[in-house]
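The chain contents come next:
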Amino acid sequence: MKPELQAFERLLTIMNDLREKCPWDKKQTIESLRHLTIEETYELADSILDKDMDKIKKELGDILLHIVFYARIASETNDFNITDVINSLCEKLIHRHPHIYGDVKVENEQQVKKNWEKLKLKEKGNKSVLGGVPVSLPSLVKASRIQEKAKAVGFDWEKPEQVWNKVKEELSEFKDEIEKKSSTEKIEEEFGDVLFSLINYARFININPEDALEKTNKKFIKRFQYLEKEANKAGKQLSEMTLEEMDVYWNQAKEL
């Protein structure tokens, strides 16, 4: 038996032992695992941004455990088991890659993505191309997926310059609403348009907006914590410092 098959069989055996003997594992349901799975997914995303391969390996293992756990629970009610999950995935991959397993010809990645979206639309019976975007996705990620799906059927800008002009247009409208002291709802609407257009532009210049923002978050946290540490060394409380005093440490942090 191949090492990877032996390892997977070992995992299934351990999962069965835990489900039958461990009080915590015996108590879990598909619903109770949901929030833990979401947490593990974000931990994997963090480790990817950190380029920490050891941590990526660990987090992938945690997610694999959850997949096996869900399948084990479902097998107890005869809904499905891990074999069904894997076979279903294999069939989907074969069906959605007709350029590999069929006679469809493609010339580039964009044609592959376009065919993929068309096949998904047929499979799920969605009336809208956007029907497959999960409702609970974080808004930034959701905006990216909406735009990608629209692009897959040809609804898109032609050049980055056009998108950048749209960004400037939305910024101008946002500024106008602020200057007119419009309602919070109207200003919020225009701000949303600014964000949506920026996400669109990011896509055109091959930047993942979610990754970009998270990297900025991490950078801010690192600099702010440096500010806290240095202020503490000097026996100062941030709440009692002037902005000018804090800026000294902030600028130091930027040089690190």
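Details of the structure are given in the entry above.
Quick caveat: nothing in here was measured; it's all calculated off a predicted structure. (Residues numbered from 1 in each chain as written. Predicted model: local features only at pLDDT ≥ 70, side-chain atom pairs only at ≥ 80, totals over all residues. Heavy atoms only, no water.)

J.: I would appreciate a short explanation of the overall build of the protein in the present structure.
T.: When helices and strands are tallied, the protein shows 12 helices and zero strands. What you see in the protein, going N to C, is helices and strands ordered as α-α-α-α-α-α-α-α-α-α-α-α. For a compact globule of 256 residues, the expected C-alpha radius of gyration is about 18 Å, and the protein comes in at 25 Å, more than 25% above that figure. Its C-alpha atoms put the protein at 65 × 55 × 35 Å along the principal axes. (Helix = DSSP H or I, 4+ residues; strand = E, 2+ residues; numbered from the N terminus. Rg over C-alpha atoms; globule rule 2.2 N^0.38 Å.)

J.: Explain helix 9 (residues 160–179) to me, please; I cannot follow it from the model alone.
T.: Quick reminder: α-helices carry 3.6 residues per turn. Residues three or four places apart thus point the same way. Taking 1.5 Å of rise per residue, 20 residues should cover 28 Å, and helix 9 covers 29 Å from first to last C-alpha, within 8% of that figure. Three or more residues of helix 9 are buried, namely Val 163, Val 167, Glu 170, Phe 174 and Glu 177. An end-on view of helix 9 places all buried positions within 90° of arc, on one side of the element. Helix 9 presents Glu 161, Lys 175 and Glu 179 as exposed residues on the side facing more than 90 degrees away from its buried surface. Contacts made by the buried residues of helix 9 are with helix 10 (184–204). Positioned one or two residues after helix 9, Lys 181 has a phi angle of 55°, which is positive. (Expected span 1.5 Å × (residues − 1). Buried < 20%, exposed > 50% of the residue type's maximum accessible area, 1.4 Å probe, protein only. Arc of directions from axis to C-beta. Contact = heavy atoms within 4.5 Å.)

J.: Honestly, the pattern of salt bridges in this entry has me stumped. Any pointers?
T.: In a structure, side chains of opposite charge can pair up when their charged atoms sit close to one another. For the structure on display, the rule yields 15 salt bridges. Between Arg 145 and Glu 148 there is a salt bridge; the shortest N-O distance is 2.5 Å. Here Glu 148 and Arg 145 lie together in helix 8 (residues 139–152), a separation of three residues that amounts to about one turn. According to the relative accessible area criterion, Glu 148 is partly exposed, its value standing at 28%. Through salt bridges with shared partners, a single ionic network connects Arg 19, Glu 20, Arg 72 and Glu 76. (Salt bridge = Lys/Arg side-chain N within 4 Å of Asp/Glu carboxyl O.)

J.: Explanation requested: the side chain of Lys 149 in the structure shown.
T.: Note on placement: Lys 149 falls in helix 8. Here Lys 149 falls in the buried class, since its relative accessible area comes to 2%. Sequence-distant contacts of Lys 149, that is, excluding residues within four places in its chain, are made with Glu 117, Lys 120, Val 129, Leu 130, Gly 132 and Val 133.

J.: Would you take a moment to explain the packing of aromatic side chains for this structure?
T.: By convention here, two paired aromatic rings are described through the distance between centres and the angle between planes. A full pass over the atoms with the stated rule returns four aromatic pairs. Taking the centre distance of 5.0 Å and the plane angle of 45° together, the rings of Trp 164 and Tyr 201 count as tilted. Of this pair, Trp 164 sits in helix 9 while Tyr 201 sits in helix 10; the two residues are 37 residues apart in sequence, bridging distant segments of the chain. For Trp 164, a relative accessible area of 36% translates into the label partly exposed. Between the aromatic rings of Phe 174 and Phe 191, the centroid separation amounts to 5.4 Å while the plane-to-plane angle is 45°, which identifies the pairing as tilted. With Phe 174 in helix 9 and Phe 191 in helix 10, this residue pair connects regions lying 17 residues apart in the sequence. Exposure remark for Phe 191: the relative accessible area of 40% places this residue in the partly exposed category. An aromatic cluster of three or more residues is present, and its members are Phe 220, Phe 224 and Trp 250. (Phe/Tyr/Trp six-rings, centres within 6.5 Å; stacked < 30°, edge-to-face > 60°.)

J.: What's the story with the nonpolar core in this structure? I'm lost.
T.: In summary, soluble globular proteins display a tendency toward joint burial of nonpolar side chains. Core analysis: the biggest nonpolar cluster contains six residues, these being Met 15, Leu 33, Val 68, Phe 69, Tyr 70 and Ile 73. The biggest single contributor to this core is helix 4 (residues 53–76), with four residues. With residues near it in sequence (within four places) discarded, Ile 73 still touches Arg 19, Gln 28, Thr 29, Ile 30 and Leu 33. In terms of nonpolar packing, the next biggest core, distinct from the first, is built from five residues, Leu 227, Ala 231, Met 246 and Tyr 249 among them. (Core = buried A, V, L, I, M, F, W, Y, C linked by side-chain atoms within 4.5 Å.)

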